[in-house]
Amino acid sequence: MAHVNQLTEKGAMNPVTNDSAVAANRMHPMSHDHMVPTTGHHATSGHHINPLNTQINPVMNHPVVKPVSHDMVPAVAHNTHINPRTTNRIHPRRGDHHLFLTSDDNAMMKHIEDTHSPDGRDFDVKPLLHTIEDIVHRAPAIPGHLHGGQAQAHLEALEEKVPHSGLSEILNYLAYPIHRISMELICKCANKEDPHSTTIALLHSLTTYAWDTKVAITFAAFAQQYGEFWLLVQQYPTNPLAKSVAIIKELPEIMERTDVLKPKFDAISDLINKMLDVTKCIIEFRDIRTSHHQYAITQELEMLINTAHISTAAYWTIRAAVMCAAIILNLIATGHEYMSTTSETWEISSLAHKLANILDLLRKVLNQCYQKIEEKRQHDAFEALLRLLRTPHIDNMKILSILIYSKDDQLPLFDGTHKRRVSLDVLRRKHVLLLLSDLDIAAEELFILHHMYAESKAQPSRPESNYEVVWIPVVDKRVTTWTEEKQMKFEQVQASMPWYSVAHPSMIDPAVIRYIKEIWGFNKKPQLVVLDPQGKETNNNAYHMLWIWGSLAFPFTKAREEALWREQTWNIELLADSIDQNIFTWIGEGKCICLYGGEDIEWIRAFTTATRAVANAARIPLEMLYVGKRNPKERVRKNSAIIQVENLSHVVQDQTLIWFFWERLESMWHSRTQQDIPGETDPILQEIVTILSYDGSDQGWAVFSRGLAEMTRGKGDLMVQVMRGFERWKHEVTDITEFVPSVDRQLRALHTPHHCTRLILPGTTGHIPERVVCAECSRPMEKFIMYSCCID
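Model, not experiment: these values are computed from the prediction. (Residues numbered from 1 in each chain as written. Predicted model: local features only at pLDDT ≥ 70, side-chain atom pairs only at ≥ 80, totals over all residues. Heavy atoms only, no water.)

(A) How the structure looks around the overall build of the protein chain. When helices and strands are tallied, the protein chain shows 30 helices and 14 strands. Across the 792 residues of the protein chain, 51% fall into the buried class. A fraction of 74% describes how many contacts in the protein chain between residues 6 or more apart in sequence connect residues 24 or more apart. Working note: accessible area of the protein chain is about 37,300 Å², and carbon and sulfur atoms make up 53% of it. (Helix = DSSP H or I, 4+ residues; strand = E, 2+ residues; numbered from the N terminus. Buried < 20%, exposed > 50% of the residue type's maximum accessible area, 1.4 Å probe, protein only. Contact = heavy atoms within 4.5 Å. Areas by Shrake-Rupley, 256 points an atom, 1.4 Å probe, with all protein chains shown as cover.)

(B) Quick look at the packing of helix 15 (residues 343-389) against helix 19 (residues 510-518). Contact geometry of helix 15 with helix 19 gives a least axis separation of 8 Å together with a crossing angle of 60°. On the basis of the axis angle, helix 15 is oblique to helix 19. By crossing handedness, the relation of helix 15 to helix 19 is classed as right-handed. Contacts between helix 15 and helix 19 involve Glu374, Arg377, Gln378, His379, Ala381, Phe382, Leu385, Leu386 and Leu389 from the first element and Pro510, Ala511, Val512, Arg514, Tyr515 and Glu518 from the second. Grouping the constituent residues of the contact of helix 15 with helix 19 by class yields nine nonpolar, two polar and four charged. (Axes fitted to C-alpha atoms, helices over the stretch in contact; angles between N-to-C directions. Parallel < 35°, antiparallel > 145°, perpendicular 65-115°, else oblique. Left-handed = near helix turned anticlockwise from the far one by under 90°. Nonpolar A, V, L, I, M, F, W, Y, C, P; charged D, E, K, R; others polar.)

(C) Representation of the sheet that holds strand 4 (residues 420-422). Pairing in this open sheet of seven strands is mixed, and the strands run 4-3-7-6-5-8-9 from one edge to the other. Each edge of the open sheet carries a strand with a single partner, namely strand 4 and strand 9 (537-539). Each strand of the sheet is rotated relative to its neighbour by a mean of 35°, with strand direction disregarded. The pairing of strand 8 (residues 527-531) with strand 9 spans two bridges and is antiparallel. Counterpart to Val530 in the pairing with strand 9 is Asn539. On the sheet, helix 17 (residues 443-457) packs against strand 5 (431-437) and strand 6 (467-473) and is oriented at approximately 155° with respect to strand 6. (Pairing = 2+ DSSP bridges.)

(D) View of the pairing of strand 5. Among the seven residues that make up strand 5, seven are buried, leaving the element largely enclosed by the rest of the structure. With burial as the criterion, each face of strand 5 is covered, one bearing His431, Leu433, Leu435 and Ser437 and the other bearing Val432, Leu434 and Leu436. Of the strand pairs in this sheet, strand 5 and strand 6 are connected by seven bridges, and their pairing is parallel. Residue pairing across strands places Val432 opposite Glu468, the latter belonging to strand 6. With five bridges connecting them, strand 5 and strand 8 associate as antiparallel partners. Bridge assignment links Leu433 to a residue of strand 8, and that residue is Val530.

(E) Spotlight on unusual backbone geometry. The residue after Phe554, namely Pro555, is reached through a cis peptide bond having omega 10°. Following the sequence through the fold, Pro555 ends up in the loop between helix 20 (543-549) and helix 21 (558-566). A positive phi is found at Lys419, a non-glycine position, where the angle reads about 55°. Within the chain, Lys524 stands out as a residue other than glycine whose phi angle is a positive 75°. Mapped onto the elements, Lys524 comes out in the loop between helix 19 and strand 8.

(F) Highlighting the sheet that holds strand 10 (residues 592-597). An order of 12-11-10-13-14 is seen for the five strands of this open sheet, with the pairing classed as mixed. Because the sheet does not close on itself, it has two edges, and the strands there are strand 12 (650-651) and strand 14 (711-715). Summarising the sheet, strand 10 and strand 13 (residues 701-706) pair through six bridges and their orientation is antiparallel. Of the residues in strand 13, the one forming a bridge with Cys592 is Arg706. Here helix 28 (residues 716-724) sits on the sheet in contact with strand 13 and strand 14, set at roughly 110° to strand 14.

Set out below in structure tokens:
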């Protein structure tokens, strides 16, 4: 007894820190009756360590102190026995729970901030964090537990990160602080200091480092202890040296009770994962300040980052490391008596919940920061794009490289003809038509474009063949999530195009998408933007020109559009173009031609029967062609079949060409309305509007023409009435030249302007004039909004 008291009075120096450590008696459960009671001054002294109670860990290479609580060692009689099962473990004192529950208290936050006095040094601690993550994920929750496939994949991903070239560099600066904090953790846990005091002491020791570096150093110090513990547990069944060390530490006996240990280790594992996530967020804030400052609105972003309370997050992460370290040290110090306690499991779970709440706040603020950074980046990119597109250039390469962003030397274009990736150089100093559309571009549009593109390339020596088409898929990533289904749709559309296309929508920057929508006015409907060989925009939508004139519209400028209209008159060739090759034959033969449309098959029968009777009676060579309606649905297909079976007239064989007839007519309307000609005095525009308005009616309609000369048109009921009353006006038709003018006179005589027509245009057609004049009565038409379903 005297010998023990003498030792405790003199004290023993800690060989690592050279400081006097707290007295700590190692109590073995098998020797209760042989314990030496501690009394008086010796029981309360905080400056002595019993060298008999110190073990050297050969793996950690520093002493492990067997702890005992001050609170449970009062002055007692010499014959009193101490029960090791009632010995306090290292956990927060009762007074410390108040701090745990009021962590956001302003006074506590100020106390934490007072420990922070950074010297301006900046460390990229991500390589160190990758190593920490590797350690904690390779330490299984229970020995023998096999990692699942997802965990294994995670470990394989970590293997690529751990040998990071920056790790050696960062350890040159932080290896000693990590070792020092590791020693401090051991000593303060042995001294029975409460977690809050220990955490504050560690923060004082790390006062000159940034918050992310403080956390990384402390986390690394704990991970070193945690990893060494599990390394010994994993190795002792097969490694003789590890087995001997483990026996001294009583690890085999401890690890036999995995059923008792599992909840505790599961709770620790969960807490460590929360620590990792919070640490990653803290490091992300550091990256925001250092890497994205060029995009940051400094004051606004700094105010936003302050709302994350990074200092508080760092405090609780370090405190979690303190608690986990204390539990691991306690387990080694007191053996299996310590396994039965559940208080630490509850406290660990509570701390994990605390970190989960902190993590939610950090991620929320991070998202807000990234959103503001991205908004600033996109604003800067948009402004740069505006300036660039207004600046003259030698060729179009700079403009195209901005519009189609290629990173890591990827080939940005896909050649639809040869099915391979190519560079932008294939477009150098050429006229480029940028085809803008979403992924839902209609098959009919692709068919017509394919036909026109192939026609233009049939004779490459022609000047009008000197242009290329590039499809730019307009996919706004801010409102559209890119899915596997969308990827398949993109590849399907891309494969159907013989021209060039962007290799992937991700190569179109959001700032470019904004420019396409705001400056070029894209709104779902396909659009063709024309860039000349120097990259200058010459037309923000040549789609209508291509639809009306095809390659003859080259180089697709506004000036070319005006010139083509000046040469144009209203005739059957302009109206029908090439929807049926027979039209050009009929024109050449001088026949009368009738185009008619509608969906009512009874009207079609009545009209065609009456018209053929008139042609036979007047001996007029007449050809009739059914062009259906704007949307060639099932009813139009059935009508075409009936017309052919009953031999009522010719029909357009390809339904796509019916669609093109109406799309082309609509393009004429858009193109013509942009010319500097008042609608009231524009005969071509009036005729276009009239035909379009007929399609909006439930009735049929018809146009008569002879060659490229006379033309007339009328609604279905009037047409039938005129044809059935042929006996009244047959004397006017002395030869073929009189037929169309006579029909026109009869229609005008029956026309009642008080009941006019309606004009229906899709809402996504782009520019729509505020004022449209009725072709029948010349009065301004009222504008309405109509929603129509695509069902037939």
